[in-house]
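Residues per chain, in single letters:
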Amino acid sequence: MSFLEKKGIRISAKTYLVDALSYMALGLFSSLIIGLIIKTIGEQLHWPLFVEMGQLAMDLMGPAIGAAIAVGLGAPPLVIFAAVATGAAGAALGGGPAGSYVAALISIELGKLVSKETKVDIIVTPFVTIFTGFFVAKFIGPTIGKFLTVFGSWIVWATEQKPILMGILVATLMGLALTAPISSAAIALMLDLSGLAAGAATIGCCAQMVGFAVSSYRENKIGGLLAIGIGTSMLQVPNIIRYPLILIPPTVAGIIIAPFATTIWPMTSNAAGAGMGTSGFVGQIMTFQTMGFSATVLVQVIVLHILAPAMISLCLSEIMRKLGWIKPGQMLINTGGK
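This structure is a prediction, so every number in the text was calculated from the model and none was measured.

## What to know about the overall build of the protein chain
When you go through the protein chain residue by residue, the secondary structure sums to 16 helices and 0 strands. Here the C-alpha atoms of the protein chain give a radius of gyration of 21 Å, agreeing with the 20 Å that 2.2 N^0.38 yields for 338 residues. Across its three principal directions, the C-alpha atoms of the protein chain cover 65 × 45 × 40 Å. Expressed as a percentage of the 338 residues in the protein chain, the buried residues total 51%. For the protein chain, the proportion of contacts with a sequence separation of at least 24, taken over those separated by at least 6, is 74%. Working note: accessible area of the protein chain is about 15,400 Å², and carbon and sulfur atoms make up 75% of it.

Written out as C-alpha coordinates, the structure reads:
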(Lines give C-alpha, C1' and ligand atoms only; values in the text may rest on other atoms or scores of the structure.)
Protein backbone atom coordinates (compact mmCIF):
# COMPACT_ATOMS: atom_id res chain seq x y z
CA MET A 1 0.00 0.00 0.00
CA SER A 2 2.87 2.36 0.69
CA PHE A 3 4.04 1.86 -2.91
CA LEU A 4 0.59 2.79 -4.22
CA GLU A 5 0.50 5.84 -2.00
CA LYS A 6 3.93 6.88 -3.27
CA LYS A 7 2.56 6.60 -6.80
CA GLY A 8 -0.48 8.71 -5.97
CA ILE A 9 -2.90 5.81 -6.43
CA ARG A 10 -5.83 5.89 -4.02
CA ILE A 11 -8.19 2.97 -4.62
CA SER A 12 -11.57 4.16 -3.38
CA ALA A 13 -15.10 4.90 -4.54
CA LYS A 14 -14.44 8.61 -4.01
CA THR A 15 -11.42 8.57 -6.31
CA TYR A 16 -13.10 6.78 -9.17
CA LEU A 17 -16.78 7.75 -8.81
CA VAL A 18 -16.40 11.31 -7.53
CA ASP A 19 -13.02 12.77 -8.48
CA ALA A 20 -12.61 11.01 -11.83
CA LEU A 21 -16.24 11.60 -12.86
CA SER A 22 -16.04 15.26 -11.87
CA TYR A 23 -12.96 15.80 -14.02
CA MET A 24 -14.52 13.77 -16.81
CA ALA A 25 -17.37 16.29 -16.74
CA LEU A 26 -14.85 19.12 -17.16
CA GLY A 27 -13.42 17.32 -20.19
CA LEU A 28 -16.91 16.82 -21.59
CA PHE A 29 -17.84 20.44 -21.07
CA SER A 30 -14.59 21.68 -22.62
CA SER A 31 -15.14 19.63 -25.77
CA LEU A 32 -18.50 18.04 -26.54
CA ILE A 33 -20.85 20.39 -24.70
CA ILE A 34 -19.18 23.69 -25.54
CA GLY A 35 -18.65 22.44 -29.08
CA LEU A 36 -22.35 21.62 -29.36
CA ILE A 37 -23.24 25.10 -28.14
CA ILE A 38 -20.89 26.75 -30.65
CA LYS A 39 -22.16 24.53 -33.47
CA THR A 40 -25.79 25.26 -32.57
CA ILE A 41 -25.12 29.01 -32.59
CA GLY A 42 -23.44 28.65 -35.97
CA GLU A 43 -26.34 26.66 -37.42
CA GLN A 44 -28.96 29.09 -36.11
CA LEU A 45 -27.08 32.19 -37.30
CA HIS A 46 -25.74 30.55 -40.47
CA TRP A 47 -22.10 31.04 -39.52
CA PRO A 48 -20.13 28.18 -41.15
CA LEU A 49 -16.99 29.02 -39.18
CA PHE A 50 -18.82 28.40 -35.88
CA VAL A 51 -20.26 25.15 -37.20
CA GLU A 52 -16.77 23.95 -38.17
CA MET A 53 -15.30 25.13 -34.88
CA GLY A 54 -18.00 23.45 -32.81
CA GLN A 55 -17.75 20.17 -34.70
CA LEU A 56 -13.99 20.07 -34.16
CA ALA A 57 -14.43 20.55 -30.42
CA MET A 58 -17.07 17.79 -30.35
CA ASP A 59 -14.79 15.42 -32.24
CA LEU A 60 -12.10 15.90 -29.59
CA MET A 61 -14.33 14.66 -26.74
CA GLY A 62 -12.28 11.48 -26.16
CA PRO A 63 -8.87 13.18 -25.88
CA ALA A 64 -10.36 15.87 -23.62
CA ILE A 65 -11.83 13.25 -21.28
CA GLY A 66 -8.52 11.38 -21.12
CA ALA A 67 -6.51 14.50 -20.31
CA ALA A 68 -9.08 15.75 -17.79
CA ILE A 69 -9.16 12.48 -15.82
CA ALA A 70 -5.36 12.30 -15.84
CA VAL A 71 -5.13 15.80 -14.37
CA GLY A 72 -7.84 14.98 -11.83
CA LEU A 73 -5.99 11.88 -10.65
CA GLY A 74 -2.71 13.75 -10.31
CA ALA A 75 -0.90 11.86 -13.07
CA PRO A 76 2.67 12.80 -14.07
CA PRO A 77 3.18 14.63 -17.40
CA LEU A 78 3.97 11.59 -19.57
CA VAL A 79 0.83 9.83 -18.37
CA ILE A 80 -1.30 12.93 -18.97
CA PHE A 81 -0.07 13.27 -22.55
CA ALA A 82 -0.55 9.56 -23.25
CA ALA A 83 -4.02 9.68 -21.72
CA VAL A 84 -5.02 11.94 -24.60
CA ALA A 85 -4.57 8.88 -26.85
CA THR A 86 -6.32 6.44 -24.50
CA GLY A 87 -9.33 8.72 -24.10
CA ALA A 88 -9.50 9.04 -27.88
CA ALA A 89 -9.30 5.24 -28.25
CA GLY A 90 -12.15 4.72 -25.81
CA ALA A 91 -14.42 7.05 -27.77
CA ALA A 92 -13.34 5.92 -31.24
CA LEU A 93 -13.61 2.16 -30.68
CA GLY A 94 -17.30 2.17 -29.86
CA GLY A 95 -17.38 3.04 -26.19
CA GLY A 96 -18.39 6.69 -26.44
CA PRO A 97 -17.98 8.79 -23.28
CA ALA A 98 -18.18 5.68 -21.08
CA GLY A 99 -15.46 3.97 -23.12
CA SER A 100 -13.24 7.02 -22.80
CA TYR A 101 -13.79 7.09 -19.06
CA VAL A 102 -12.94 3.42 -18.51
CA ALA A 103 -9.99 3.30 -20.92
CA ALA A 104 -8.49 6.50 -19.54
CA LEU A 105 -9.05 5.58 -15.89
CA ILE A 106 -7.41 2.14 -16.05
CA SER A 107 -4.55 3.22 -18.29
CA ILE A 108 -3.77 6.26 -16.15
CA GLU A 109 -3.53 4.22 -12.95
CA LEU A 110 -1.22 1.67 -14.61
CA GLY A 111 0.80 4.45 -16.19
CA LYS A 112 1.30 5.98 -12.75
CA LEU A 113 2.51 2.62 -11.46
CA VAL A 114 5.42 2.40 -13.94
CA SER A 115 6.18 6.11 -14.09
CA LYS A 116 9.84 6.87 -13.25
CA GLU A 117 10.57 3.23 -12.41
CA THR A 118 13.00 2.68 -15.30
CA LYS A 119 15.87 4.51 -16.96
CA VAL A 120 13.86 4.69 -20.18
CA ASP A 121 10.81 6.27 -18.59
CA ILE A 122 10.13 8.43 -21.64
CA ILE A 123 9.39 5.21 -23.58
CA VAL A 124 8.00 2.85 -20.95
CA THR A 125 5.45 5.16 -19.30
CA PRO A 126 3.58 6.34 -22.43
CA PHE A 127 3.85 2.86 -23.98
CA VAL A 128 2.26 1.15 -20.97
CA THR A 129 -0.40 3.86 -20.72
CA ILE A 130 -1.35 3.73 -24.40
CA PHE A 131 -1.12 -0.07 -24.66
CA THR A 132 -3.37 -0.54 -21.63
CA GLY A 133 -5.84 2.11 -22.76
CA PHE A 134 -6.08 0.71 -26.27
CA PHE A 135 -6.62 -2.84 -24.94
CA VAL A 136 -9.38 -1.68 -22.61
CA ALA A 137 -10.94 0.47 -25.33
CA LYS A 138 -10.87 -2.40 -27.82
CA PHE A 139 -12.18 -5.24 -25.67
CA ILE A 140 -13.96 -3.76 -22.65
CA GLY A 141 -15.06 -0.20 -23.40
CA PRO A 142 -17.61 -1.03 -26.12
CA THR A 143 -19.41 -3.52 -23.87
CA ILE A 144 -19.69 -1.00 -21.06
CA GLY A 145 -20.74 1.72 -23.46
CA LYS A 146 -23.44 -0.48 -25.00
CA PHE A 147 -24.74 -1.57 -21.61
CA LEU A 148 -25.08 2.02 -20.41
CA THR A 149 -26.74 3.04 -23.67
CA VAL A 150 -29.22 0.15 -23.36
CA PHE A 151 -29.82 1.03 -19.70
CA GLY A 152 -30.46 4.62 -20.75
CA SER A 153 -32.92 3.43 -23.40
CA TRP A 154 -34.79 1.51 -20.68
CA ILE A 155 -35.11 4.73 -18.70
CA VAL A 156 -36.38 6.54 -21.80
CA TRP A 157 -38.87 3.72 -22.48
CA ALA A 158 -40.04 3.61 -18.86
CA THR A 159 -40.56 7.38 -18.86
CA GLU A 160 -42.77 7.06 -21.94
CA GLN A 161 -44.79 4.18 -20.41
CA LYS A 162 -45.15 5.62 -16.91
CA PRO A 163 -44.50 9.32 -17.50
CA ILE A 164 -45.51 10.58 -14.06
CA LEU A 165 -43.68 8.09 -11.85
CA MET A 166 -40.58 7.75 -14.01
CA GLY A 167 -40.46 11.49 -14.65
CA ILE A 168 -40.38 12.11 -10.90
CA LEU A 169 -37.70 9.45 -10.34
CA VAL A 170 -35.46 10.68 -13.17
CA ALA A 171 -35.83 14.33 -12.15
CA THR A 172 -35.11 13.57 -8.50
CA LEU A 173 -32.11 11.29 -9.06
CA MET A 174 -30.48 13.47 -11.72
CA GLY A 175 -31.12 16.60 -9.68
CA LEU A 176 -29.48 15.08 -6.62
CA ALA A 177 -26.59 13.86 -8.79
CA LEU A 178 -26.08 17.41 -10.06
CA THR A 179 -25.87 18.82 -6.54
CA ALA A 180 -23.74 15.96 -5.22
CA PRO A 181 -19.98 15.97 -5.90
CA ILE A 182 -20.43 13.65 -8.88
CA SER A 183 -21.14 14.49 -12.50
CA SER A 184 -24.77 14.47 -13.62
CA ALA A 185 -23.54 15.59 -17.05
CA ALA A 186 -21.27 12.57 -17.37
CA ILE A 187 -24.06 10.24 -16.20
CA ALA A 188 -26.55 11.67 -18.70
CA LEU A 189 -24.08 11.34 -21.56
CA MET A 190 -22.99 7.83 -20.64
CA LEU A 191 -26.66 6.76 -20.40
CA ASP A 192 -27.41 8.65 -23.63
CA LEU A 193 -30.64 10.06 -22.21
CA SER A 194 -33.06 11.54 -24.72
CA GLY A 195 -36.69 12.54 -25.19
CA LEU A 196 -38.95 12.89 -22.16
CA ALA A 197 -36.36 11.28 -19.89
CA ALA A 198 -33.81 13.94 -20.79
CA GLY A 199 -36.48 16.60 -20.36
CA ALA A 200 -37.33 15.31 -16.88
CA ALA A 201 -33.63 15.15 -15.96
CA THR A 202 -33.22 18.77 -17.08
CA ILE A 203 -36.16 19.78 -14.90
CA GLY A 204 -34.64 18.07 -11.86
CA CYS A 205 -31.28 19.75 -12.39
CA CYS A 206 -32.87 23.17 -12.95
CA ALA A 207 -34.90 22.76 -9.77
CA GLN A 208 -31.75 22.18 -7.73
CA MET A 209 -29.84 25.12 -9.17
CA VAL A 210 -32.62 27.69 -9.35
CA GLY A 211 -34.15 26.43 -6.11
CA PHE A 212 -30.97 26.76 -4.07
CA ALA A 213 -30.12 30.09 -5.73
CA VAL A 214 -33.44 31.64 -4.76
CA SER A 215 -33.97 30.04 -1.35
CA SER A 216 -30.46 31.07 -0.23
CA TYR A 217 -30.68 34.64 -1.53
CA ARG A 218 -30.95 36.00 2.04
CA GLU A 219 -27.50 34.67 2.83
CA ASN A 220 -25.73 34.93 -0.51
CA LYS A 221 -27.30 37.96 -2.26
CA ILE A 222 -26.78 38.53 -5.98
CA GLY A 223 -23.32 36.94 -6.10
CA GLY A 224 -24.61 33.67 -4.71
CA LEU A 225 -27.72 33.84 -6.88
CA LEU A 226 -25.55 33.89 -10.00
CA ALA A 227 -22.90 31.47 -8.71
CA ILE A 228 -25.50 28.83 -7.87
CA GLY A 229 -28.15 29.66 -10.47
CA ILE A 230 -25.95 29.59 -13.56
CA GLY A 231 -22.87 28.01 -12.00
CA THR A 232 -23.50 24.98 -9.81
CA SER A 233 -25.63 24.00 -6.83
CA MET A 234 -22.65 21.89 -5.74
CA LEU A 235 -21.56 24.99 -3.82
CA GLN A 236 -24.16 24.01 -1.23
CA VAL A 237 -22.68 20.53 -0.56
CA PRO A 238 -20.79 21.57 2.63
CA ASN A 239 -24.01 23.09 3.98
CA ILE A 240 -26.11 20.06 2.98
CA ILE A 241 -23.78 17.76 4.91
CA ARG A 242 -24.24 19.86 8.05
CA TYR A 243 -27.90 20.81 7.51
CA PRO A 244 -29.54 18.18 5.25
CA LEU A 245 -33.02 19.72 5.59
CA ILE A 246 -32.02 22.54 3.21
CA LEU A 247 -32.12 19.95 0.41
CA ILE A 248 -35.91 19.61 0.73
CA PRO A 249 -37.17 22.75 -1.12
CA PRO A 250 -35.34 22.29 -4.45
CA THR A 251 -35.88 18.51 -4.44
CA VAL A 252 -39.62 18.86 -3.81
CA ALA A 253 -39.75 21.50 -6.56
CA GLY A 254 -38.36 19.01 -9.05
CA ILE A 255 -40.82 16.33 -7.89
CA ILE A 256 -43.77 18.69 -8.37
CA ILE A 257 -42.72 20.08 -11.75
CA ALA A 258 -41.50 16.89 -13.47
CA PRO A 259 -44.98 15.37 -14.08
CA PHE A 260 -46.04 18.51 -15.95
CA ALA A 261 -42.99 18.18 -18.23
CA THR A 262 -43.74 14.52 -19.00
CA THR A 263 -47.54 14.73 -19.45
CA ILE A 264 -49.51 17.98 -19.66
CA TRP A 265 -46.77 20.22 -21.05
CA PRO A 266 -44.17 17.76 -22.40
CA MET A 267 -40.58 18.84 -22.76
CA THR A 268 -37.70 16.94 -24.33
CA SER A 269 -33.95 17.40 -24.44
CA ASN A 270 -30.79 15.46 -25.28
CA ALA A 271 -27.98 13.84 -23.31
CA ALA A 272 -25.79 16.94 -23.46
CA GLY A 273 -28.42 19.08 -21.77
CA ALA A 274 -30.02 16.51 -19.46
CA GLY A 275 -27.44 16.76 -16.70
CA MET A 276 -26.64 20.49 -16.88
CA GLY A 277 -29.73 22.30 -15.60
CA THR A 278 -29.17 26.05 -15.87
CA SER A 279 -25.37 25.77 -15.71
CA GLY A 280 -24.22 28.11 -18.44
CA PHE A 281 -27.80 27.77 -19.76
CA VAL A 282 -26.70 24.56 -21.49
CA GLY A 283 -29.92 22.80 -20.49
CA GLN A 284 -31.97 25.53 -22.11
CA ILE A 285 -29.86 25.68 -25.27
CA MET A 286 -30.15 21.91 -25.72
CA THR A 287 -33.91 22.08 -25.09
CA PHE A 288 -34.23 24.61 -27.90
CA GLN A 289 -32.11 22.39 -30.12
CA THR A 290 -34.34 19.35 -29.63
CA MET A 291 -37.74 21.10 -29.45
CA GLY A 292 -37.01 23.98 -31.81
CA PHE A 293 -37.10 27.65 -30.90
CA SER A 294 -40.60 29.07 -30.73
CA ALA A 295 -42.67 31.29 -28.46
CA THR A 296 -44.34 28.23 -26.90
CA VAL A 297 -41.05 26.49 -26.13
CA LEU A 298 -39.57 29.73 -24.77
CA VAL A 299 -42.51 30.08 -22.37
CA GLN A 300 -42.13 26.43 -21.30
CA VAL A 301 -38.44 26.95 -20.58
CA ILE A 302 -39.03 30.14 -18.62
CA VAL A 303 -41.88 28.65 -16.58
CA LEU A 304 -40.73 25.07 -15.96
CA HIS A 305 -36.97 25.62 -15.86
CA ILE A 306 -36.86 28.91 -13.95
CA LEU A 307 -40.05 30.46 -12.56
CA ALA A 308 -41.74 27.35 -11.13
CA PRO A 309 -38.61 26.01 -9.36
CA ALA A 310 -37.93 29.48 -7.98
CA MET A 311 -41.44 30.00 -6.62
CA ILE A 312 -41.88 26.51 -5.15
CA SER A 313 -38.43 26.46 -3.53
CA LEU A 314 -38.81 29.97 -2.13
CA CYS A 315 -42.24 29.22 -0.64
CA LEU A 316 -41.08 25.95 0.92
CA SER A 317 -37.85 27.44 2.28
CA GLU A 318 -39.73 30.37 3.82
CA ILE A 319 -42.17 27.98 5.52
CA MET A 320 -39.25 25.92 6.80
CA ARG A 321 -37.54 29.07 8.07
CA LYS A 322 -40.67 30.05 10.01
CA LEU A 323 -40.87 26.54 11.47
CA GLY A 324 -37.23 26.76 12.51
CA TRP A 325 -36.21 23.87 10.25
CA ILE A 326 -33.89 26.17 8.30
CA LYS A 327 -31.99 28.69 10.36
CA PRO A 328 -30.24 31.93 9.27
CA GLY A 329 -26.78 31.31 7.81
CA GLN A 330 -27.29 27.63 7.08
CA MET A 331 -27.19 28.22 3.30
CA LEU A 332 -24.30 30.68 3.29
CA ILE A 333 -21.73 29.67 0.65
CA ASN A 334 -18.10 30.56 0.04
CA THR A 335 -17.74 31.96 -3.46
CA GLY A 336 -14.12 32.91 -3.00
CA GLY A 337 -14.84 36.52 -2.19
CA LYS A 338 -14.94 38.41 1.07
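## What about the pattern of salt bridges?
Pairing of side chains with opposite charge becomes possible as their charged atoms draw close. Under the counting rule described, the total for this entry stands at 5 salt bridges. Residue Lys14 is joined to Asp19 by a salt bridge in which the shortest nitrogen-to-oxygen separation is 3.1 Å. The partner of Arg218 in a salt bridge is Glu318, with the nearest N and O atoms 2.7 Å apart. Within this pair, whereas Arg218 is found in helix α11 (residues 217–229), its partner Glu318 is found in helix α16 (residues 295–323), the two being separated by 100 residues in sequence.

## What to know about helix α15 (residues 282–291)
Regarding α15, the residues found buried are Val282, Gly283, Gln284, Met286, Thr287 and Phe288. Its buried side turned inward, α15 meets α2 (13–45), α10 (195–215), α14 (271–274) and α16. Phi turns positive, to about 85°, at Gly292, one or two residues after α15.

## With respect to the layout of surface pockets
Size it by volume and the second largest pocket reaches roughly 160 Å³. Around the second largest pocket sit Ile155, Met166, Leu169, Val170, Leu173, Met174, Ala177, Ile187, Leu191 and Leu193, which together line it. Listed by contribution, the elements that provide at least two residues to the lining of the second largest pocket are α8 (163–179) and α9 (184–191). Ranked by residues supplied to the lining of the second largest pocket, first place goes to α8 with 6 residues. Residues belonging to the lining of the second largest pocket are distributed by class as follows: 10 nonpolar, no polar and no charged.

## As for the environment of Ile69
Tracing the sequence through the fold places Ile69 in helix α4 (residues 61–72). Given a relative accessible area of 0%, Ile69 falls into the buried group. In the structure, Ile69 is positioned 17 residues away from Glu52 in sequence and 26 Å away in space, judged by C-alpha atoms. In this view, Ile69 contacts Ala20, Tyr23, Met24, Tyr101, Ala104, Leu105 and Ile108; residues no more than four positions away in its chain are not counted.

## Some remarks on the packing of aromatic side chains
All chains considered together, the criterion is met by 4 aromatic pairs. An angle of 75° between the planes, with centres 5.1 Å apart, marks the rings of Trp47 and Phe50 as edge-to-face. Taking relative accessible area as the criterion, Trp47 reaches 42% and is therefore assigned partly exposed. Look at Phe50 and you get partly exposed, because its relative accessible area is 27%. The interplanar angle of 50° and the centroid separation of 5.0 Å between the aromatic rings of Phe135 and Phe139 together place this pair among those described as tilted. You can see Phe135 and its partner Phe139 sitting in helix α6 (residues 121–139), 4 residues apart, about one turn around the helix. Given a relative accessible area of 55%, Phe139 falls into the exposed group.

## Topic: the packing of helix α5 (residues 77–114) against α6
Each packed pair of helices is defined by two parameters, the angle between the axes and the distance between the axes. α6 packs onto α5 with a crossing angle of 150° between their chain directions and a minimal axis gap of 8 Å. Taken together, α5 and α6 sit at an angle that is classed as roughly antiparallel. In this structure, the crossing between α5 and α6 has a hand that is right-handed. When grouped by side-chain class, the residues that make up the contact of α5 with α6 number 20 nonpolar, 8 polar and 2 charged.

Reading the values: the criteria
Residues numbered from 1 in each chain as written. Predicted model: local features only at pLDDT ≥ 70, side-chain atom pairs only at ≥ 80, totals over all residues. Heavy atoms only, no water. Helix = DSSP H or I, 4+ residues; strand = E, 2+ residues; numbered from the N terminus. Rg over C-alpha atoms; globule rule 2.2 N^0.38 Å. Buried < 20%, exposed > 50% of the residue type's maximum accessible area, 1.4 Å probe, protein only. Contact = heavy atoms within 4.5 Å. Areas by Shrake-Rupley, 256 points an atom, 1.4 Å probe, with all protein chains shown as cover. Salt bridge = Lys/Arg side-chain N within 4 Å of Asp/Glu carboxyl O. 1 Å grid on protein atoms, 1.4 Å probe; cavity = no way out; pocket = protein on both sides within 12 Å on 5 of 7 lines; lining within 4 Å. Points joined across faces, edges and corners; volume = space filled by probe spheres on them. Nonpolar A, V, L, I, M, F, W, Y, C, P; charged D, E, K, R; others polar. Phe/Tyr/Trp six-rings, centres within 6.5 Å; stacked < 30°, edge-to-face > 60°. Axes fitted to C-alpha atoms, helices over the stretch in contact; angles between N-to-C directions. Parallel < 35°, antiparallel > 145°, perpendicular 65-115°, else oblique. Left-handed = near helix turned anticlockwise from the far one by under 90°.

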